[in-house]
Amino acid sequence: MAAMKRILLVLTAAFTILSVRAEKTLDIYWVDVEGGAATLMVTPAGQSILIDTGNPGTRDAGRIHEVATKQAGLRKIDFLITTHFHGDHFGGAAPLSQLMPIGKVYDNGIPVRNPDRNRQDPAFVLKVKPYKTMKVDGRVVVKPGGTLPLQQADGTAKVDLTFVAAARKFIEPPKGAKKNPLTGSVPPMKEDLSDNANSVASLITLGNFRFLDCGDLTWNMEAKLVEPVNRIGTVDVYQVNHHGLATSNNPLLIKSVAPTVSVMNNGHRKGCSPSAFTALQETQSIKAMYQVHRNLRPDGSDNNTDNELIANLTGPNECKAYTMKLSVTADGKSYTVFNPRNKHQRTFKTRRH
Ligand SMILES: [Zn+2]
């Protein structure tokens with residue numbers, strides 16, 4: 001009888017696992033946090049990585065929780081990466097920790113005072129306190145070249161997350177890397193003293209598939225990733241830096257990493273600047289530009305990709321917060337981007353890098 005019960009239990013457990021994740025894909029979700037950032041990934045082995053958590057308050061944490069539990073079938077965030085200490089990137093972490101457990105947190109180390117050297121914010125210490133005191137399994141200060149301790153799934157390509165930039169330091173270029181021919185083609189901007197320049201940048205791979213998320217990294221630091229040598233090589237998918245703002249998206253970076261697909265986590269009035277938009281349009285490798293929001297700024301900057309490739313068309317009051325999803329096949333050889341608003345989907349072949 002006891003043996004019978006055990007067999008039943010094992011069968012039930014096996015069935016539950018199978019029903020939740022039929023295919024061992026790498027899934028990426030761009031949760032709509034209205035112009036903040038919250039990029040959720042689930043590896044073929046079922047581990048979850050969340051890069052940034054949107055704004056403070058319950059809205060963004062609630063949206064992340066909903067996508068994590070209902071769409072991705074998660075119970076826990078295994079790894080949280082906070083790119084930098086601006087409210088639209090770390091604000092939702094503490095409220096999210098009230099909704100679901102958070103495992104290990106990776107960031108630049110919690111600053112003891114406002115990390116922006118270009119503006120005063122005496123309230124910063126108060127703002128960061130919930131993040132500092134939230135319950136997590138552990139905390140790690142990111143080092144460029146470091147990786148996440150990810151599990152591998154049987155029969156799939158190798159999954160990896162490597163940090164390529166953190167706190168204005170960068171991963172070593174590959175041995176024997178040649179000088180980037182685009183070196184010197186784009187002039188620098190005035191030094192950015194804000195914490196954006198400290199953003200943690202991550203390169204996520206599954207076999208040949210490569211996805212780059214640099215948070216809000218700004219112009220001169222973007223250049224350092226690829227000039228005079230390209231430290232990361234080419235990628236398939238580029239999360240448009242800094243929501244598509246003009247102080248980021250140096251064409252030198254975008255042209256050097258030469259993505260096939262770009263995904264912009266802009267708000268309906270934030271980001272999607274004319275210069276960033278042009279930089280994407282003028283990058284010949286890009287076949288499709290996706291946006292989380294249609295840019296509805298009343299300043300006449302009507303730069304938008306095809307409506308088909310935009311997850312949310314309306315302003316925040318009517319916003320349904322559709323989540324753009326990308327799924328990489330277990331072998332890493334192709335990936336499909338899915339827009340839940342109109343069920344539009346398109347499959348791309350992973351490039352040779
Ligand atoms: Zn931001």
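Residues numbered from 1 in each chain as written. Predicted model: local features only at pLDDT ≥ 70, side-chain atom pairs only at ≥ 80, totals over all residues. Heavy atoms only, no water.

## Quick notes on the coordination of the zinc ion
Here comes step 1: Summarising the metal site, the zinc ion is bound by the protein donors D88 (OD), H89 (NE2), D216 (OD) and H243 (NE2), whose distances to it range over 2.1 to 2.2 Å.
Here comes step 2: Taken together, the four donor atoms coordinating the zinc ion span angles of 80 to 154° at the metal, a pattern that classifies the geometry as irregular.
Here comes step 3: Residue D216 is classed as buried on the basis of its relative accessible area, which comes to 2%. (Donors = N, O, S within 2.8 Å, 3.2 Å for Na, K, Ca; no water. Tetrahedral: all angles 85-135°; square planar, octahedral: opposite > 155°, others 65-115°. Buried < 20%, exposed > 50% of the residue type's maximum accessible area, 1.4 Å probe, protein only.)

## Considering the sheet that holds strand β16 (residues 334-339)
Here comes step 1: The nine strands lie next to each other as β6-β5-β4-β3-β2-β1-β15-β16-β17, forming an open sheet whose pairing is mixed. Two strands in the sheet have a free side with no partner beyond their single neighbour: β6 (138-141) and β17 (344-349). Neighbouring strand axes in the sheet, compared pairwise and without regard to direction, differ in orientation by 15° on average.
Here comes step 2: As paired elements, β16 and β17 share six bridges and run antiparallel to each other. Bridging across to β17, N339 finds its partner in H344. (Pairing = 2+ DSSP bridges. Helix = DSSP H or I, 4+ residues; strand = E, 2+ residues; numbered from the N terminus. Axes fitted to C-alpha atoms, helices over the stretch in contact; angles between N-to-C directions.)

## As for the packing of aromatic side chains
Here comes step 1: A full pass over the atoms with the stated rule returns eight aromatic pairs.
Here comes step 2: Ring centres of W30 and F211 lie 5.7 Å apart, and the angle between their planes is 85°; on these two criteria the pair is classed as edge-to-face. Of this pair, W30 sits in strand β1 (residues 26-30) while F211 sits in strand β10 (residues 209-213), placing them 181 residues apart in sequence. In this pair, the class of W30 matches that of F211, namely buried.
Here comes step 3: Here the aromatic cluster, defined as three or more aromatic residues joined through ring pairs, consists of F79, Y106 and F163.
Here comes step 4: The ring of Y131 is capped by R139, whose NZ or CZ atom sits 5.2 Å from the centre of that ring. (Phe/Tyr/Trp six-rings, centres within 6.5 Å; stacked < 30°, edge-to-face > 60°. Lys NZ or Arg CZ within 6 Å of the ring centre and 35° of its normal.)

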